[in-house]
Amino acid sequence: MTAFEIKQMEHKTILKTAQKGDYIYIPEDSSTYIYFLIRGYVKLGTYSGNGKENTRTIVRPSEVFGELSVADEQKRTEFAKASTDNVIIRAMYKADMQYLMQTVPGLSLKIAKLMAYRLIRIEKRVEEFMFKDARTRIIDMLREISNKNSANTGDNIMANHQLTHQDIGNLTATSRQTVTTILNQLKTENLIYYKRNNLVIRGNLAVK
C-alpha cells in the first residue's frame, strides 16, 4: 500500500506511537484493528513452547500488518513488536477496513496479494531450512535485506536495516552465535561490510 493511499484513509485511522520493545499486540489479543506502518520497523513473530521468540518477518514503512483481522481472525496468533524507537502507526478498525474493501476499487486485491505474499515468504523459508546450509540461508537473508531498502554504488549494494544478529538467526533458523561467525567470515572475505544498521554487499555476492 502506498503512502498516498494511507494518507487518503487517515480520517478513519487512529494514530499510535511505540518505542523499541513495545508490543502493538500479542497472541490471544482480540483482532480488532489492521495497522499501517508510517515510521520505524515492527517485528512480527511467535513464541515457541519454551517461550523463545521466533521472528517471522520485519514490517517496513508503508507496509500493512495485522491484516488477518479483516479475514475474520478473532484472536491474534502472533505478536507485533516495535523493533526501533519512535515507531508511528495508524490503526483502522477492521469493520471500517472491510467497508473500504467493498467500496474502493482494487483494495481487496491489494490485501489479498499481501496475504499471499506473506504466505509465499513463509513457505520459501521452510524450503530453505530443509535444503540450504546456514551460510547460504544467511547470505540469502542479506540479499533480501538489500532488496528492501538499498542503493547501488558501483558493483556494491548498500542498505539500511534494523535486524539484530538474533533477528537474522530467528529468520534463518540459526543461532545468534552462528550468525555472528558467518558475518565475520563474510567480512574477512571482503564480501560484505556490516555495522549496526549499515550493510554493504560487495561484488559477486550482490548478484544472485
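The present account deals with the structure reproduced in this document. (Residues numbered from 1 in each chain as written. Predicted model: local features only at pLDDT ≥ 70, side-chain atom pairs only at ≥ 80, totals over all residues. Heavy atoms only, no water.)

Overview of the overall build of the chain
Here's step 1: Counting its secondary structure elements, the chain contains six helices and 12 strands.
Here's step 2: The buried share of the chain, reckoned over its 208 residues, is 41%.
Here's step 3: Partitioning the contacts of the chain with sequence separation of at least 6, the portion at a separation of at least 24 is 73%.
Here's step 4: When the accessible surface of the chain is split by element, carbon and sulfur atoms take 52% of a total near 11,300 Å². (Helix = DSSP H or I, 4+ residues; strand = E, 2+ residues; numbered from the N terminus. Buried < 20%, exposed > 50% of the residue type's maximum accessible area, 1.4 Å probe, protein only. Contact = heavy atoms within 4.5 Å. Areas by Shrake-Rupley, 256 points an atom, 1.4 Å probe, with all protein chains shown as cover.)

Concerning the sheet that holds strand 4 (residues 42–47)
Here's step 1: Read from one edge of the open sheet, four strands run 2-7-4-5, paired in antiparallel fashion. Because the sheet does not close on itself, it has two edges, and the strands there are strand 2 (23–25) and strand 5 (53–59). For this sheet, the mean angle separating the axes of adjacent strands, direction not counted, is 30 degrees.
Here's step 2: Note that strand 2 and strand 7 (residues 79–82) share two bridges and pair antiparallel. Bridge pairing in strand 7 links Y23 to K81.
Here's step 3: Against the sheet, helix 5 (residues 165–172) touches strand 4 and strand 5, its axis set at about 100 degrees to strand 5. (Pairing = 2+ DSSP bridges. Axes fitted to C-alpha atoms, helices over the stretch in contact; angles between N-to-C directions.)

Digging into the sheet that holds strand 1 (residues 13–18)
Here's step 1: Within the open sheet, the four strands sit side by side as 1-8-3-6. Their pairing is antiparallel. Each end of this open sheet is capped by a strand with a single partner; those strands are strand 1 and strand 6 (64–65).
Here's step 2: Across six bridges, strand 1 lies against strand 8 (residues 87–93) in antiparallel orientation. The residue of strand 8 that forms the bridge with A18 is V87.
Here's step 3: Across the sheet, helix 2 (residues 94–103) lies against strand 3 (33–39) and strand 8, angled at about 75 degrees from strand 8, the strand it touches most.

Focus on unusual backbone geometry
Here's step 1: With a phi close to 75 degrees, S62 is a non-glycine residue in the positive phi region.
Here's step 2: Relative to the helices and strands, S62 resides in the loop between strand 5 and strand 6.
Here's step 3: With phi around 55 degrees, A173 is a residue other than glycine that occupies positive phi space.

Topic: the environment of K43
Here's step 1: When you line up the elements, K43 lands in strand 4.
Here's step 2: The exposure class of K43 is buried, given its relative accessible area of 10%.
Here's step 3: Taking the C-alpha atoms as reference, K43 lies 9.9 Å from N54; in sequence the two are 11 residues apart.
Here's step 4: Excluding anything up to four places from it in sequence, K43 contacts E53, T55, T57, I58, F79, A80, K81, S83 and D167.
Here's step 5: Among the polar contacts listed, one links the side chain of K43 to the side chain of D167, at a separation of 3.0 Å. (Polar contact = N/O pair within 3.5 Å; in protein donor to acceptor, adjacent residues only side chain to side chain.)

Description of a nonpolar patch on the surface
Here's step 1: On the surface, a nonpolar cluster with roughly 440 Å² of combined accessible area is contributed by V126, F129, M130 and F131.
Here's step 2: Along the chain, the position of M130 falls in helix 3 (residues 107–131). (Patch = residues over 30% accessible without salt bridge, like charges linked within 9 Å, V, L, I, M, F, W, Y side chains within 5 Å. Salt bridge = Lys/Arg side-chain N within 4 Å of Asp/Glu carboxyl O.)

Section: the packing of aromatic side chains
When we look at a pair of aromatic rings, we describe it by the centre distance and by the angle of the planes.
Here's step 1: Going through the model one piece at a time under the given rule, you end up with seven aromatic pairs.
Here's step 2: Centroid distance Y33 to Y93: 6.1 Å. Interplanar angle 70 degrees. Geometry classified as edge-to-face. Linking Y33 in strand 3 with Y93 in strand 8, this pair joins segments that are 60 residues apart in sequence.
Here's step 3: By relative accessible area, which is 40% here, Y93 ends up partly exposed.
Here's step 4: Seen from the ring of Y25, R76 lies directly overhead, with NZ or CZ sitting 4.2 Å from the centre. (Phe/Tyr/Trp six-rings, centres within 6.5 Å; stacked < 30°, edge-to-face > 60°. Lys NZ or Arg CZ within 6 Å of the ring centre and 35° of its normal.)

Some remarks on the pattern of salt bridges
Here's step 1: Evaluation of the coordinates by the stated rule reveals nine salt bridges.
Here's step 2: Salt-bridge contacts for E28 lead to K75; the nearest nitrogen and oxygen are separated by 3.9 Å. Highlighted residues: E28 in the loop between strand 2 and strand 3 and K75 in the loop between strand 6 and strand 7, separated in sequence by 47 residues.
Here's step 3: Residue classification places E28 among the exposed positions, given a relative accessible area of 54%.
Here's step 4: Judged by relative accessible area, K75 falls into the partly exposed class, the value being 48%.
Here's step 5: The residue K43 makes a salt bridge to D167 at a minimum N-O spacing of 3.0 Å. Here D167 lies in helix 5 and K43 lies in strand 4, a separation of 124 residues in the sequence.
Here's step 6: D167 sits in the buried class, given a relative accessible area of 3%.
Here's step 7: Salt bridges sharing partners connect three or more residues here, namely K43, E53, K81 and D167.

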